[in-house]
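Coordinate analysis (summary)
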2 protein chains.
Amino acid sequence: MKLYVVGFGCGSRDGMTIEAENTLKSSDLIIGYTVYVDILKKYFPEKNFLSTGMKMEKDRVKTALKCVESGKIVSLVCSGDSEVYGMAGLAFEMSVEFPTVEIKVVAGVTAALSGGAVLGAPLTHDFAVISLSDLLTPFDKIEKRLRLASQADFTIVLYNPSSRKRADYLKKACEIMLNFKAPETVCGYVSNIGREGQNSKILTLRELMGESIDMFTTVFVGNSETKAINGKMITPRGYANV
Amino acid sequence: MKLYVVGFGCGSRDGMTIEAENTLKSSDLIIGYTVYVDILKKYFPEKNFLSTGMKMEKDRVKTALKCVESGKIVSLVCSGDSEVYGMAGLAFEMSVEFPTVEIKVVAGVTAALSGGAVLGAPLTHDFAVISLSDLLTPFDKIEKRLRLASQADFTIVLYNPSSRKRADYLKKACEIMLNFKAPETVCGYVSNIGREGQNSKILTLRELMGESIDMFTTVFVGNSETKAINGKMITPRGYANV
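Below is a summary of the structure that appears in this document.

What counts, and where the lines are drawn
- Residues numbered from 1 in each chain as written.
- Chains lettered and ligands numbered in written order.
- Predicted model: local features only at pLDDT ≥ 70, side-chain atom pairs only at ≥ 80, totals over all residues.
- Heavy atoms only, no water.
- Least-squares fit on C-alpha atoms with pLDDT ≥ 70 in both.
- Contact = heavy atoms within 4.5 Å.
- Buried < 20%, exposed > 50% of the residue type's maximum accessible area, 1.4 Å probe, protein only.
- Helix = DSSP H or I, 4+ residues; strand = E, 2+ residues; numbered from the N terminus.
- Pairing = 2+ DSSP bridges.
- Buried area = accessible area lost by both parts, 1.4 Å probe.
- Salt bridge = Lys/Arg side-chain N within 4 Å of Asp/Glu carboxyl O.
- Polar contact = N/O pair within 3.5 Å; in protein donor to acceptor, adjacent residues only side chain to side chain.
- Expected span 1.5 Å × (residues − 1).
- Arc of directions from axis to C-beta.
- Axes fitted to C-alpha atoms, helices over the stretch in contact; angles between N-to-C directions.

Attention shifts here to the relation of the copies chain B and chain A. The second copy of the chain is related to the first by a rotation about an axis and a shift along the axis. Once turned by 180° and shifted 0.0 Å along the axis, chain B lies on chain A with an RMSD of 0.0 Å. Accordingly, the operation relating the two chain copies is best matched by a two-fold axis. The overlap is high: 100% of the interface residues of chain B also sit at the interface in chain A, so the same surface is used on both sides.

The following block contains the structure:
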């Protein structure tokens, strides 16, 4: 018996993989966070859904595992990819107590990729992905990663850049990165990727510091070679010089 | 007029997004590297294809841009995502000389995500993606990124870990990472993700150093919290302790 942990991409119907679509279609029950379940209900109105709120992750996984144990085909859904800040890890950890249940991870297009495609091609070369949420990670660890990733000249993608409680975190992150990255570094952000109200902007790291951004936004900070070409954010891979 | 730069995922039919499939179906011409075109010919036997060899990237993009200019619907294809070590950046750079052509990036599931799903859930938390190919990047830059990413305790995904000319690069990379990561760090690799002959292994960083791996392999090096659970590579996000 398998529990499918499915990343359904940015939220547009066609951003989903064929595997994700087929898995959801063949499920008896789709379980997820309320906001994501509401998106999927529109695409699969005939399906049974169960949604729970934020910080209910362990309950959600436990319910999913129990339903599989009782013979149901269950998909536990995550936006983007099911690994990246998603539920796949927790599902494996908790499945130890459900020895008859196997976990099957169905990968999806994470916001670094779907957002990157909106901005142009910021991620053609080495990059680092960092979440600014300190709900599950101490801020000094986040700060250390920002510092070292900047020093390494990675293009950096910031997930969870802001929330009501963390309104100044993006500014703090920019200050740290500015110790190693030039103020003119090309940056960009995309909010509501692939959904109604999608919005994006290209700007410099200095400008990014003063920008107010909500929690549905993914932020991209270029490396030293990233440039703006016709309003797009492009990190060259080097082919043009070969 | 648009040039579609399409990431088609790991190579299995259902690893493609619905958007990628629809884009390829509606194209007059699909252009790509020989190996990728051969994969797609099986899925879209009715389509027109044009393939060129390695190191022909600039020619390939130029041909694609010219075909769009002449009125054709053209997809330029990349395995995985079209940004990550793909062609999207070059397409934007070269499109400057084709002012009537707009570039549309169609994101795909890159090997870090499709490979991660095979291994378990190594990428639930912050991570860095580094290519070991020094064809377009000097090795001292690669070395610096490996060092700083290890110091930052990122889970690290290595693309292009090996080739005939670079047979000892993975060993070198492991030596650098071992300065900051414990020899017992949980690692994994997957070759031929989603294709015939898919093969994966979980092992320690010390063991990885002695492993011989081909160029169709993606390598994952855990962070300090990554563990092996029932033969899977899992990086906890922290929920289990909340």
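Right, let's talk about the pairing of strand E7 (residues 127–131) of chain A for a bit. All names here are of chain A. Judged by how many residues are buried, E7 sits mostly within the fold: 5 of 5 residues are covered. Covered by surrounding structure in E7 are Phe 127, Val 129 and Ser 131 together with Ala 128 and Ile 130, the residues of both alternating faces. The pairing of E7 with strand E8 (residues 155–159) spans 5 bridges and is classified as parallel. Of the residues in E8, the one forming a bridge with Ile 130 is Leu 158.

A few words now on the interface of chain B and chain A. With 69 residues of chain B at the interface, the matching set in chain A holds 69 residues. Interface of chain B and chain A: buried area, both sides summed, is about 6,000 Å²; carbon and sulfur atoms make up 61% of it. Summed over the shared surface of chain B and chain A, the number is 10 salt bridges. The salt bridge involving Asp 153 of chain A is made with Lys 141 of chain B; its shortest N-O contact spans 3.6 Å. Where chain B touches chain A, the interface holds 36 residue pairs in polar contact (both at pLDDT 80 or more). The element contributing the most residues to the side of chain B that touches chain A is helix H6 (residues 139–151) of chain B, with 6 residues.

All names here are of chain B. With 13 residues, helix H3 (residues 57–69) extends 18 Å between its outermost C-alpha atoms, agreeing within 8% with the 18 Å of an ideal straight helix rising 1.5 Å per residue. If you check which residues of H3 are buried, you get Glu 57, Arg 60, Val 61, Ala 64, Leu 65, Cys 67 and Val 68. Viewed end-on, H3 has its buried residues packed into an arc of 160°, placing them on one side of the element. After H3 finishes, the residue Gly 71 shows a positive phi value of roughly 105°.

Moving on to the environment of Leu 123 of chain A. Mapping Leu 123 of chain A onto the fold places it in the loop between strand E6 (120–121) and E7. Through-space distance from the C-alpha of Leu 123 of chain A to that of Tyr 33 of chain A is 29 Å; in sequence the pair is 90 residues apart. Beyond its immediate chain neighbours, meaning those up to four positions away, Leu 123 of chain A contacts Ala 112, Leu 113, Thr 155, Val 157 and Phe 220 of chain A together with Glu 83, Val 84 and Tyr 85 of chain B.

Here the focus is the sheet that holds strand E1 (residues 2–7) of chain A. Residues and elements named next belong to chain A. One open sheet holds the 5 strands; their spatial order is E3-E2-E4-E1-E5, and the pairing between them is parallel. Of all strands in the sheet, those with a lone pairing partner are strand E3 (49–52) and strand E5 (102–106), marking the two edges. Ignoring which end each strand starts from, the neighbouring axes of this sheet average 20° apart. In this structure, E1 lies alongside strand E4 (residues 74–78), joined through 5 bridges in parallel fashion.

In short, shape yes, function no, at least from these values alone.
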